[in-house]
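# Residue-level structure breakdown
What follows is each chain in one-letter form.
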Amino acid sequence: MTADPQRPRYHFLPPANWMNDPNGLIQWGDTFHLFYQYNPAGAYHRQIHWGHATSHDLVHWQHQPLALTPTPGGADADGCWSGCAIDDHGTPTLIYTGFRLPDEQKPCLAVSYDGLQTWQQWSTPIISTPPPNLDLLGFRDHTVWYEHGLWHMLIGSGIRGQGGAVLLYRSPDLRHWEYGGPLLIGDATQFHPIWTGLFWECPDFFMLSNQQVLICSVWDQRPYYTIAMIGHYHNGCFTPHTTHKLDYGDAHFYAPQTMQIRDGRRIMFGWIMEGRREEAVLEAGWAGVMTLPREVRFTNDGHVVTLPVSEIQQLRQREVQVPPHRVMPNELQWMPVQGTQLEIELTLHPPQRGTCSILLRANPDGSEATVLRYDRQTATLTLDRRRSSLIGDVWRDAHHAPLTLNKDEPLALHIFLDASVIEVFANNRRSITSRIYPVHPDSLGIAIATETDPLDVLSFRAWQMASIW
Ligand code: DQQ
């Protein structure tokens, strides 16, 4: 599998098989723990276990034995679905969703007495039934915090005929829970500023710079995207004043989870799902990648953004720099760097008229290339995947991120390429995470182009990136 050209080298993923959501993120002592939804039987979503890995720097990971396994006959007989890790006064505790066919979802608990290595899964769920009198589409995924002497928990849900919902519970001991009403119910009939779907998966709820943030993954028969809501939390209710996509790569950035670490940063990992046929995934033998570790921050335009942590810089090797220069219309200007594992930082003055483009993973005639395009008129950054892969059956839809540049503000792009993974950060305030599957062996180049007006490139730096294994 290590010879597979589509397999990332500096993003976390298990040695083989299926992975989806990050779970149970926690810093314990000087170790970071990352658990994840995992099927040890193959590269497909079934009979989900919790995989486990540890790190001292958020970048290099060591695989650990499986943490949670479905219990035959138990509430989690057909899957240990997503959840979180809690420091219960010194005892590592996991709360997760026990799944049983055909569609039973119940909150379950597991405790470790040997420093997060092995876990004792409780035989009975900690909440036996969802709240009555609500027509729920599901009852899954958990985030827990401590407030005013009580544990508080949110469970993701959706109310038939209304929209996504997060349900609030309180407990003195993590074992006995009382329903405290919905924290928030969405409205699936609204499309402005953004449609929030029929179900909210994987809620996460935290304070950031004195503002309350709720993150949910929008679902309706399938994952759509992840939203961030910013607002006021009072008396068990949350009132958002701003809602936006957290990342503009749509379903490729999904089910993220955060943890606050001791130096004060809030760190996030998200699941980057595949964008190719199920047969191709089964043949590859692996599916799903974690994003790079990112820090959650506020932007100066009042959005929540996730940016790569500085620890990633230790992977940089062999820097290439290009001095400031001008690109003329109809010219394809190649940068003196090639590769499948690259970090790129560039700044440019987007032209007043027409678009400018960066070709990534491009072959010499540009017939295979992923195009990152900025249009000043529409203030849109687009990741165009129409020509990303010369093979047929991959997802080719474009991702669009709204990005208004202030007067004289250059476009500042920070791009990570790692085999089939691409993560783009623009002006420290928008991100686009996606998958591309170039197949041409020469699709290694980076080129810059402009449509109508000359384009000034102000700076260009790139690094080959080392493997994390
Ligand atoms: N994945 C888990 C669920 C969650 C979904 C199942 C989100 O708990 O709602 O693997 O991707």
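A brief look at the structure comes next. (Residues numbered from 1 in each chain as written. Predicted model: local features only at pLDDT ≥ 70, side-chain atom pairs only at ≥ 80, totals over all residues. Heavy atoms only, no water.)

## Some points on the overall build of the protein
Along the protein, the regular secondary structure elements total 1 helix and 35 strands. In terms of overall dimensions, the protein has C-alpha extents of about 65 × 45 × 40 Å along its principal axes. The 469 residues of the protein split such that 63% are buried. Here the analysis covers contacts within the protein between residues at least 6 apart in sequence; of these, 57% occur between residues at least 24 apart. Surface summary for the protein: the accessible area is close to 18400 Å², and the carbon and sulfur share equals 51%. (Helix = DSSP H or I, 4+ residues; strand = E, 2+ residues; numbered from the N terminus. Buried < 20%, exposed > 50% of the residue type's maximum accessible area, 1.4 Å probe, protein only. Contact = heavy atoms within 4.5 Å. Areas by Shrake-Rupley, 256 points an atom, 1.4 Å probe, with all protein chains shown as cover.)

## A word on the pattern of salt bridges
Per the counting criterion, the structure on display carries 26 salt bridges. E274 is the partner of R435 in a salt bridge, and the nearest nitrogen-oxygen pair spans 2.9 Å. A residue pair is termed long-range when its members are at least 10 positions apart, and R435 in strand β33 (residues 430-435) and E274 in the loop between β18 (266-272) and α1 (278-284) qualify at 161 residues. Judged by its relative accessible area of 1%, R435 is buried. Between E279 and R277 there is a salt bridge whose closest N-O contact spans 3.7 Å. Counted as one network, the salt bridges with shared partners bring together R316, E319, E343, E345 and R461. (Salt bridge = Lys/Arg side-chain N within 4 Å of Asp/Glu carboxyl O.)

## Digging into the site of the ligand
In the vicinity of the ligand, the contacting residues are N20, D21, Q37, H45, W81, S82, R140, D141, E201, Y254 and W271. Between H45 and the ligand, the recorded distance is 2.8 Å, taken from a side-chain N or O atom to an oxygen atom. Between the ligand and E201 there is a distance of 2.8 Å, counted from an oxygen atom to a side-chain nitrogen or oxygen. At the level of elements, β1 (17-28), β5 (80-88) and β9 (136-147) are the ones that each hand at least two residues to the shell around the ligand. In terms of residue class, the shell around the ligand is made up of 3 nonpolar, 4 polar and 4 charged. (Near = heavy atom within 4 Å. Polar contact = N/O pair within 3.5 Å; in protein donor to acceptor, adjacent residues only side chain to side chain. Nonpolar A, V, L, I, M, F, W, Y, C, P; charged D, E, K, R; others polar.)

## Section: the sheet that holds strand β6 (residues 91-100)
The sheet built from 4 strands is open, its strands ordered β5-β6-β7-β8 with antiparallel pairing. Bordering the open sheet on either side are β5 and β8 (120-121), each of which pairs with just one other strand. (Pairing = 2+ DSSP bridges.)

## Topic: the packing of aromatic side chains
Within this structure, the stated rule accounts for 23 aromatic pairs. A ring pair is formed by W18 and W271, whose centres lie 6.1 Å apart and whose planes are at 65°; its orientation type is edge-to-face. Here W18 is found in strand β1, whereas its partner W271 is found in strand β18, with 253 residues between them in sequence. Accessibility expressed as a relative area gives 16% for W18, which makes it buried. Each ring, one from F191 and one from W195, has its centre 6.4 Å from the other, and the planes form 10°; the classification is stacked. By relative accessible area, which is 15% here, W195 ends up buried. Directly above the ring of W219 sits R140, whose terminal nitrogen or CZ lies 5.2 Å from the centroid. Sitting over the face of the ring of W463, R316 holds its NZ or CZ atom 3.7 Å from the ring centroid. (Phe/Tyr/Trp six-rings, centres within 6.5 Å; stacked < 30°, edge-to-face > 60°. Lys NZ or Arg CZ within 6 Å of the ring centre and 35° of its normal.)

## Quick notes on the side chain of D220
In this structure, D220 sits in the loop between β14 (211-219) and β15 (223-234). Buried within the structure, D220 lacks any salt-bridge partner; R222 is the closest side chain of opposite charge, at an N-O distance of 7.7 Å. Ignoring sequence-local partners within four residues, the contact set of D220 consists of W195 and L198. (Lys, Arg positive; Asp, Glu negative; His and termini not counted.)

## Points about the sheet that holds β9
Taken in spatial order, the 4 strands line up as β9-β10-β11-β12 in an open sheet, and their pairing is antiparallel. This sheet does not close on itself; its edge strands, each paired only once, are β9 and β12 (178-185). Adjacent strand axes in the sheet meet at a mean angle of 25° when their direction is disregarded. In the sheet, strand β10 (residues 150-159) pairs with strand β11 (residues 163-171) via 9 bridges, with the strands oriented antiparallel. Directly across from M153, in β11, lies its bridge partner Y169. (Axes fitted to C-alpha atoms, helices over the stretch in contact; angles between N-to-C directions.)

## Regarding the side chain of S434
Take S434: it is sitting in strand β33. Setting aside chain neighbours within four positions, we find S434 in contact with H252, I272, L383, R385, H399, S420, V421 and I422.

## Quick notes on the pairing of strand β30 (residues 399-402)
Look at any regular strand and the pattern is simple: side chains alternate between the two faces of the sheet. Of the two faces of β30, the one holding H399 and A401 is buried and the one holding H400 and P402 is not buried anywhere. Of the pairings in the sheet, the one linking strand β29 (residues 380-384) to β30 comprises 4 bridges and is antiparallel in character. Bridged to L383 within β30 is H399.

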